[in-house]
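# Structural characterization, general
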Amino acid sequence: MSALLEISGLTAHYGDFQALFGVDLALEAGQTVAIIGANGAGKTTLMRAITGIAKVTAGSILLNGAEMSRRAAPDILTAGIAMVPEGRKLFPSLTVEENLRIGAHARQGNGFWTLERLYTLFPILRERRDHPGTALSGGQQQMVAIGRALMSNPTVLLCDELSLGLAPVVIREIYAAFPTIRESGTSIIVVEQDIGQALKVADHVHCMMEGRVTLSGRPADLSREAIHDAYFGVNHA
Amino acid sequence: MIWLDTLIQGILLGGLYALFAAGLSLVFGIMRLVNLAHGDLIVLGAYLILGLGTATGLHPFLAAALALPLMFALGWALQSALLNRVLGDDILPPLLVTFGLSVVIQNALLMGFSADSRKLPIGPIEAQSLPLGPVTVGAMPLITFGSAIVVILGLNWLFYHTALGRAFRATSDDPVTAQLMGIRPRRIFAVATGIAMVVATIAALYLGARANFDPAIGPARLLYAFEAVIIGGLGSLWGTLAGGLVIGVAQAMGAAINPEWQILAGHLAFVAVLLVRPRGLFPRAND
Ligand SMILES: Nc1ncnc2c1ncn2[C@@H]1O[C@H](COP(=O)(O)OP(=O)(O)OP(=O)(O)O)[C@@H](O)[C@H]1O
Ligand SMILES: [Mg+2]
């Protein structure tokens, strides 16, 4: 059985600088995969390559067997891959509700996610619906960014550093939405620097270093030492 | 009473300048592009209305209605085929290309229509006027001003109450993240320039109905439009209307003192506003 999302031999460059060196990764339907790794490991580049924002120089990205790596970003969204980008990237000229609505810009037909369902998932957003998106607290902005991505009813949701800069209680609140998202039929890839959070939420963890996946496994099978070595490089340990 | 009359004539003239400027403001607001050919495209629109009117025998108002979709298509094609290629981090290429386009349009009009000045034959309505309180105003200036208000209201509605307007604002904020929403910035830009050309056509109708035009008057219209946009604050449509009014009133006041001062007074008002408010009257918060 082939995976929902199958990435193999993926490389990406910024000009002459190579940021990804043949990354292999698979996401099964219904799963949550976490990617951990230190600053500059290439996690964001991988997310940007999957969504078509960064140019893929070699390798393949198959979604349900269809090649994504040479498609433009809007086509990849339409195919079913949505992203919560690093730093949230809400549109400052749009209200909270407009930010959510624009997530459905290219959507055809109906799906699980509606404004009503999002407001049930994150009730605070209903109260703040007419505020500018960027006037909210960091955690609330993150909820808007997640909601905006969900409005396209994605098959695969990519989340880049949801917990960055947020208090632990807020992080818990945001991750509490994950079961509902999974039940809606969406499989998830999270990028996390918070290793504990990553191990808690994921069925499968990949650790990246310097543009490569250096360790993969189920959370239960990975020892603290192995993760530490993969995260910082063996010689640091 | 003469001053009140002058003020009102100036405000009505300002409506025309706001129409010149609205398309420029829209395009700048969405893609940070200054189209140096905007004035010439308005003049092109005036010739198109004239040509369609002559060919079909229709009144200029109806000929303008025919010209609207053609000018939308022209704007769409211009953006898709040319301007999208030069948009980028460097602001110089779009300036050079639109400057070149300005020269091309002027020369093409010169070849096609000669340097003779023309006017749109709008008939008896041109001479009609109506009393407005203590002063008398011309029907055409009033219609022009009314059209400017309707255009600005319409553009604002489009911008803030439609899905297209939402996509305009999102793309203007962040074109990369907009693509993650399934928005194609180049298509959005093509539609925006098409709409700007629709507004330019409305401006062309009143330009050609009010006074003579010839192939060379585009750059001066661009200058008024540009000043109106800057006075208003970049990217604000109501600001653009206010900017048009400031220039219109200043020109009317200048002309009342000495007819030779009309144009100069408009430019002086522009400089004066910028000295007091360098970012214009209604600057956007996040620029
Ligand atoms: N726009 C860019 N131009 C050039 N190099 C870049 C660019 N963006 C990232 N890089 C480089 O690519 C490498 C991978 O960066 P990336 O942002 O993917 O890392 P990351 O794992 O997401 O890090 P972080 O945890 O800090 O978000 C780094 O060496 C970074 O300096
Ligand atoms: Mg990153």
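For the structure, see preceding data.
The paragraphs below set out a description of the structure included in this document. (Residues numbered from 1 in each chain as written. Chains lettered and ligands numbered in written order. Predicted model: local features only at pLDDT ≥ 70, side-chain atom pairs only at ≥ 80, totals over all residues. Heavy atoms only, no water.)

### Comments concerning the sheet that holds strand 9 (residues 204-209) of chain A
Residue and element names in this part refer to chain A. Pairing in this open sheet of 6 strands is mixed, and the strands run 6-7-8-3-9-10 from one edge to the other. Looking at strand neighbours, the two that pair on one side only are strand 6 (81-84) and strand 10 (212-217), the edges of this open sheet. Going from strand to strand, the sheet's axes swing by 20° on average, the running direction of each strand aside. Taken together, the 5 bridges between strand 3 (residues 32-37) and strand 8 (residues 187-192) define a ladder with parallel strand orientation. Bridge pairing in strand 8 places Ala34 opposite Val190. Where helix 6 (residues 138-150) meets the sheet, its contacts fall on strand 6 and strand 7 (156-160), and the angle it forms with strand 6 comes to roughly 170°. (Pairing = 2+ DSSP bridges. Helix = DSSP H or I, 4+ residues; strand = E, 2+ residues; numbered from the N terminus. Axes fitted to C-alpha atoms, helices over the stretch in contact; angles between N-to-C directions. Contact = heavy atoms within 4.5 Å.)

### Comments concerning the pairing of strand 2 (residues 135-138) of chain B
Residues and elements named next belong to chain B. Two strands pair when backbone bridges link them, and strand 1 (residues 129-132) and strand 2 are joined in this way by 4 bridges, in the antiparallel orientation. Each bridged residue has a counterpart across the sheet, and for Leu132 the counterpart in strand 2 is Val135. Connecting strand 1 to the antiparallel partner strand 2 that follows it, the hairpin turn spans 2 residues, and Gly133 within it adopts a positive phi of roughly 60°.

### Description of the side chain of Gln197 of chain A
Residues and elements named next belong to chain A. With respect to the helices and strands, Gln197 occurs in helix 9 (residues 195-201). Look at Gln197 and you get buried, because its relative accessible area is 8%. Not counting chain neighbours up to four residues away, the residues in contact with Gln197 comprise Ile171, Tyr175 and Glu192. (Buried < 20%, exposed > 50% of the residue type's maximum accessible area, 1.4 Å probe, protein only.)

### Considerations on the packing of aromatic side chains
All names here are of chain B. Applying the stated criterion across every chain, the model contains 9 aromatic pairs over all chains. Centre to centre, the rings of Tyr17 and Tyr224 are 4.9 Å apart; their planes meet at 45°, and the pair counts as tilted. Here the residue Tyr17 occupies a position in helix 1 (residues 2-31), and Tyr224 occupies one in helix 9 (residues 218-232), the gap between them amounting to 207 residues. Tyr224 matches Tyr17 in its accessibility class, with the two residues each being buried. Residues Tyr47 and Phe213 carry aromatic rings whose centres are separated by 5.0 Å and whose planes lie at 85° to one another, so their mutual orientation is edge-to-face. Taken as a pair, Tyr47 in helix 2 (residues 38-56) and Phe213 in the loop between helix 8 (185-210) and helix 9 lie far apart in primary sequence, 166 residues in all. Overall, the relative accessible area of 1% leaves Tyr47 in the buried class. Note on Phe213: relative accessible area 0%, which makes it buried. (Phe/Tyr/Trp six-rings, centres within 6.5 Å; stacked < 30°, edge-to-face > 60°.)

### Some details on the site of ligand 1
Residue and element names in this part refer to chain A. With respect to spatial proximity, 14 residues lie near ligand 1, and among them Lys43, Thr44, Thr45, Glu86 and Gln193 are the closest. A distance of 2.5 Å is found between an oxygen atom of ligand 1 and a side-chain nitrogen or oxygen belonging to Thr45. In this structure, Gln193 approaches ligand 1 through a side-chain N or O atom, which is 2.6 Å from an oxygen atom. When the free accessible area of ligand 1 is taken as 630 Å², the share hidden by the protein chains comes to 62%. At the level of elements, strand 2 (17-27) and helix 1 (43-50) are the ones that each hand at least two residues to the shell around ligand 1. It is helix 1 that provides the largest number of residues to the shell around ligand 1, a total of 3 residues. Of the residues contributing to the shell around ligand 1, the split by class is 5 nonpolar, 6 polar and 3 charged. (Near = heavy atom within 4 Å. Polar contact = N/O pair within 3.5 Å; in protein donor to acceptor, adjacent residues only side chain to side chain. Areas by Shrake-Rupley, 256 points an atom, 1.4 Å probe, with all protein chains shown as cover. Nonpolar A, V, L, I, M, F, W, Y, C, P; charged D, E, K, R; others polar.)

### Remarks on helix 9 of chain B
Residues and elements named next belong to chain B. Across its 15 residues, helix 9 extends 21 Å between first and last C-alpha, which sits within 8% of the 21 Å expected from 1.5 Å per residue. In terms of burial, helix 9 is largely enclosed, as 11 of its 15 residues are buried. For helix 9, the secondary structure elements touched by its buried residues are helix 1, helix 2, helix 8, helix 10 (237-257) and helix 11 (262-276). Two residues or fewer past helix 9, Gly233 is found with a positive phi of approximately 105°. (Expected span 1.5 Å × (residues − 1).)

### Details of the coordination of the magnesium ion (ligand 2)
Residues and elements named next belong to chain A. Only Thr44 (OG1) and Glu86 (OE) from the protein coordinate the magnesium ion (ligand 2), and they sit 1.9 to 2.3 Å from it. Residue Thr44 is found in helix 1, and its partner Glu86 is found in the loop between strand 6 and helix 3 (96-102); the two are separated by 42 residues along the sequence. Of the residues examined, Glu86 reaches a relative accessible area of 30% and is grouped as partly exposed. (Donors = N, O, S within 2.8 Å, 3.2 Å for Na, K, Ca; no water.)

### Observations regarding a nonpolar patch on the surface
Residue and element names in this part refer to chain B. On the surface, Ile2, Trp3, Ile257, Trp261, Leu264 and Leu268 cluster together into a nonpolar patch covering about 680 Å² of accessible area. If you list the elements that add at least two residues to the nonpolar patch, you get helix 1 and helix 11. One can find Leu264 in helix 11. (Patch = residues over 30% accessible without salt bridge, like charges linked within 9 Å, V, L, I, M, F, W, Y side chains within 5 Å. Salt bridge = Lys/Arg side-chain N within 4 Å of Asp/Glu carboxyl O.)

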